[in-house]
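So you can see what is in the structure, the chains are spelled out below.
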Amino acid sequence: MTLGLQEASILEDLLFVFMGYEGQYIRFRGDYNPASESDRLAGPQFKILPGLDPSLRDLANTMLEMATHYGAVEAFVEVHSREEFGAVNHALCSSIRRLLKEYLVLIAQLEHQFLTSPSFTLHVLHLRTLPTSHMMFQLYTLAREMLRRNSMLEDDLEDSADDLDDMENILESLREGGDVVGGGGVPGSKICKGGSVLGLLTLRLASMAGDPAARSLLSLLLREASRPYMNMLNEWLHHGMIRDPHAEFLIKEQKSIRRERLEEDYTDEYWEKRYTIRDGDVPPQLEGVKEKVLLAGKYLNVVRECGGVDVSKDVGDVPKSFEDIRFLDNVNSAYAHANESLLNLLLTTHALPARLRSLKHYFFLDRSDFFSYFLELGATELQKQAKKVNVGKLQSLLDLALRQPGSIAASDPFKEDVKVQMNEVGLTKWLMRVVSVSGIDEGATTFEESHRAPAISSIEDDKSVIGFNALELDYSVPFPLSLVISRKTVLRYQLLFRYLLSLRHLETLLVQAWQDHNTLYTWKHKSKYPQVELWKRRAWTLRARMLVFVQQLLYFCTSEVVEPNWNGLMKRLGEVRTVDELMQDHVDFLDTCLKECMLTNSKLLKIHAKIMMTCTMFASYTSHLSKALITADPDLASPSAKYMGNEDAAFDQARLDKLSDNLSKYEENFSRHLKILLDALNYYAATETVVLLGLCARLSTATNDADTQGLYIVKKKKSNGILTTPTFPLTPRCANWKY
């Protein structure tokens, strides 16, 4: 052919090739298979039959690249329009499809010029297609990047560490009985969709700062692709709802975690895990405000479930794309509105402060005249082993005590929510399992899980726990207050309640011992043997020291720990600005009380348990000591007992010596463990919790002179730039000092 015929022939073939068809002289390469999806995604490769003039061949080969790009982009649109690729990909493909339509219109115009204009040459065609070729190249590189992320190109298929990234989504879908989201025959393990697509577009847009045409194209694609994402975002921000059938929104919803499970939720799972952020799929535009987006929707979701949001009302006058200047203002205003709505719902509509005051009355024994009455009514039942206690009877007695006219509980509107239950695991073992490393390592990795599933061995070891030590209260809270007063926080209330109750019960036992010492003839009557009177004085002194110890400890826990922290919590409630801050303040209050009451330190727990056991045994054996004292000195028997024929019994010095030895063991045990406790308190007061200094001063009143001489309080001060540690002895008079 002549040069003119060659140019005309190649021009005609190029117009066909630009639309994805083979021409007469331009054919597909032999290794290209149009039926193969991977080949089509990579783009068709063309070859020109030999014999074409070299100048025309070079120019034609340059323009054939646009045909390859067009074929690849067209296949990309076809694949990514499938359902499993999500709404953002669908919107992106729709936008690209409009560009391809404009491309085909251009080809039709070029064909018209080819048929009608004699001056239409290969160079003219090249010049007319340069801008479109540049656009097609940008679309092609974008498509290649997305296909690479989806591992859908043959040269990119390789083993990846992300094979199990979507396992959680698969399990979640299976729990709900649905199909696996994102399966759909996609070769890759994870689909690039939603926020990942927007992030890729944003990244490419930022890298094209010096190319106005590319920036204009990518801005258009980003604007169109973000529309469905912005619809989901506005629905979440203004209605608290997620409409995300393809799992592409930055907020992930675990539908298997339902509100009905809040009563058994020991880990705040509903609040912490029902809605979470997909960290790998957050668009760069939302990276800085993703926490606000999460909280705004979570808050509004709670308000909506309580009927405070009209979901039928359309969201109007909101940004539709990331380019809108009101975009960040929309997020901030939605967050502020949702936070204010939920705070008002909790603090005003559902009266959270009143609920907390109710909890204080019941769990911290605040103005607990009703509870003292309940303990008197249920004393017989509570002295049984925990397994044998009739919980239904105790519940009836508690209901009776709560309705006693004149008590603080009689006017409490929430008294119906208080229930009695038995925990057969001893308090010390329960707490030790929480704070010890071994208890956490053996399958319970969190504070709450350690509470939820006590080990069977612990239950078996606590067969001797009586009702007084196993008694605990439960408190049912309606939604949405159950988000703040959750099972996690109720467990902390129960721990503090059991601890305060154990101190109150031990105080009652020691007071009963004091009553016996003042009313029984054996203790009132003065013996003619001085050694007997000395033994009685030692018993009285030990009982008094134990009573002082328990009363000072109880006063410290209630008046110097719970009450100041409670006042601080109430003050913060009036100043709180966010719901999460409110929830954290509540948990911090309980954790501080637990720590300052020495319930989170294993060493202090062990020492405290030994002292409490010593005091309990001594108080419980008062009646036994009375009988043993009569066997040692028969003159101490009541006149009625002497009348029954015991008046001739003689004084038994051996028996008195044995009683003296037993009492010495109690004295030594109590004094030794009290001194160890005070030393430990001094150490932890200097290193961790300064409030324990006040407890040291109070408990020193229960020591004898020998104990007091070795006790020191450590305070650090800075003098002339040198850190010094002065010490001074702690005397019983320090009990009234303020720290």
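Treat the numbers as computed from the prediction; the structure is a model and nothing was measured.

Visitor: Go over the nonpolar core, please, and point to the residues and values.
Guide: Residues Leu221, Ile251, Leu286, Val293, Phe371, Phe374 and Phe549 are the most contacted members of the largest nonpolar core, which totals 207 residues. The element best represented in this core is helix 23 (residues 530–575), accounting for 17 residues.

Visitor: Give me the side chain of histidine 69: which residues, what numbers.
Guide: Locating histidine 69 in the fold gives a position in helix 3 (residues 54–80). Each residue touching histidine 69, except ones within four places of it in the same chain, is listed here: Met136, Phe137 and Tyr140.

Visitor: So what's going on with a nonpolar patch on the surface? Residues and values would help.
Guide: A contiguous nonpolar patch, built from Met613, Met617 and Tyr621 and spanning about 300 Å² of accessible area, is present on the exposed surface. The residue methionine 613 is located in helix 25 (residues 602–620) in this model.

Visitor: Quick rundown of the packing of helix 7 (residues 195–207) against helix 8 (residues 212–239)? Include the residues and the values.
Guide: Contact geometry of helix 7 with helix 8 gives a least axis separation of 10 Å together with a crossing angle of 160°. When the axes of helix 7 and helix 8 are compared, the pair comes out roughly antiparallel. The handedness of the crossing between helix 7 and helix 8 is left-handed. The residues of helix 8 that touch helix 7, namely those facing Gly195, Leu198, Leu201, Thr202, Arg204 and Leu205, are Arg215, Leu218, Ser219, Leu221, Leu222, Ala225, Ser226 and Tyr229. Among the residues making up the contact of helix 7 with helix 8, the classes are represented as eight nonpolar, four polar and two charged.

Visitor: Break down the pairing of strand 5 (residues 418–422) for me, citing the residues and quoting the values.
Guide: Across the two faces of strand 5 the burial differs, with Val418, Val420 and Met422 buried and Lys419 and Gln421 not buried at all. Examined bridge by bridge, strand 5 and strand 6 (residues 471–475) share five bridges and lie antiparallel to one another. The residue bridging valine 420 from the neighbouring strand is leucine 473, located in strand 6.

Visitor: Tell me what's going on with the packing of helix 5 (residues 122–149) against helix 7, and back it up with residues and numbers.
Guide: Relative to each other, helix 5 and helix 7 sit at 135°, their axes nearing to 11 Å. Taken together, helix 5 and helix 7 sit at an angle that is classed as oblique. In the crossing of helix 5 with helix 7, the sense of the turn from one axis to the other is right-handed. Residues Gln138, Thr141, Leu142, Glu145, Met146 and Arg149 of helix 5 form the contact with helix 7, whose participating residues are Ser196, Val197, Leu200, Leu201 and Arg204.

Visitor: Before we move on, can you summarise unusual backbone geometry with the specific residues and values?
Guide: Residue proline 480 is reached from phenylalanine 479 by a cis peptide bond, and omega for that bond is 10°. Along the polypeptide, proline 480 turns up in the loop between strand 6 and helix 21 (487–519). In this structure, alanine 247 is a non-glycine residue whose phi angle is positive, near 55°. Relative to the helices and strands, alanine 247 is located in the loop between helix 8 and strand 3 (251–253). Despite not being glycine, methionine 598 shows a phi value in the positive range, around 65°. The exposure class of methionine 598 is buried, given its relative accessible area of 3%.

Visitor: Quick one: what's the story with helix 12 (residues 352–363), residue by residue and with numbers?
Guide: End to end, helix 12 covers 16 Å across twelve residues, agreeing with the expected 16 Å (1.5 Å per residue, within 8%). The buried count for helix 12 comes to nine of twelve residues, which makes it a mostly enclosed element. Residues of helix 12 that are buried: Leu352, Arg355, Leu356, Ser358, Leu359, Lys360, His361, Tyr362 and Phe363. A positive phi of about 55° marks leucine 365, the residue just after helix 12.

Visitor: I'd like to hear about the pattern of salt bridges, residue by residue, with values.
Guide: A side chain with one charge can pair with a side chain of the opposite charge if their charged atoms come near. What the rule picks out here adds up to 25 salt bridges. The salt bridge involving arginine 487 is made with aspartate 474; its shortest N-O contact spans 3.0 Å. Of this pair, arginine 487 sits in helix 21 while aspartate 474 sits in strand 6, placing them 13 residues apart in sequence. On the accessibility criterion, aspartate 474 (17% relative accessible area) is buried. For aspartate 591, the salt bridge identified is with arginine 492, shortest N-O distance 2.6 Å.

About the criteria used
Residues numbered from 1 in each chain as written. Predicted model: local features only at pLDDT ≥ 70, side-chain atom pairs only at ≥ 80, totals over all residues. Heavy atoms only, no water. Core = buried A, V, L, I, M, F, W, Y, C linked by side-chain atoms within 4.5 Å. Buried < 20%, exposed > 50% of the residue type's maximum accessible area, 1.4 Å probe, protein only. Helix = DSSP H or I, 4+ residues; strand = E, 2+ residues; numbered from the N terminus. Contact = heavy atoms within 4.5 Å. Patch = residues over 30% accessible without salt bridge, like charges linked within 9 Å, V, L, I, M, F, W, Y side chains within 5 Å. Areas by Shrake-Rupley, 256 points an atom, 1.4 Å probe, with all protein chains shown as cover. Salt bridge = Lys/Arg side-chain N within 4 Å of Asp/Glu carboxyl O. Axes fitted to C-alpha atoms, helices over the stretch in contact; angles between N-to-C directions. Parallel < 35°, antiparallel > 145°, perpendicular 65-115°, else oblique. Left-handed = near helix turned anticlockwise from the far one by under 90°. Nonpolar A, V, L, I, M, F, W, Y, C, P; charged D, E, K, R; others polar. Pairing = 2+ DSSP bridges. Expected span 1.5 Å × (residues − 1).

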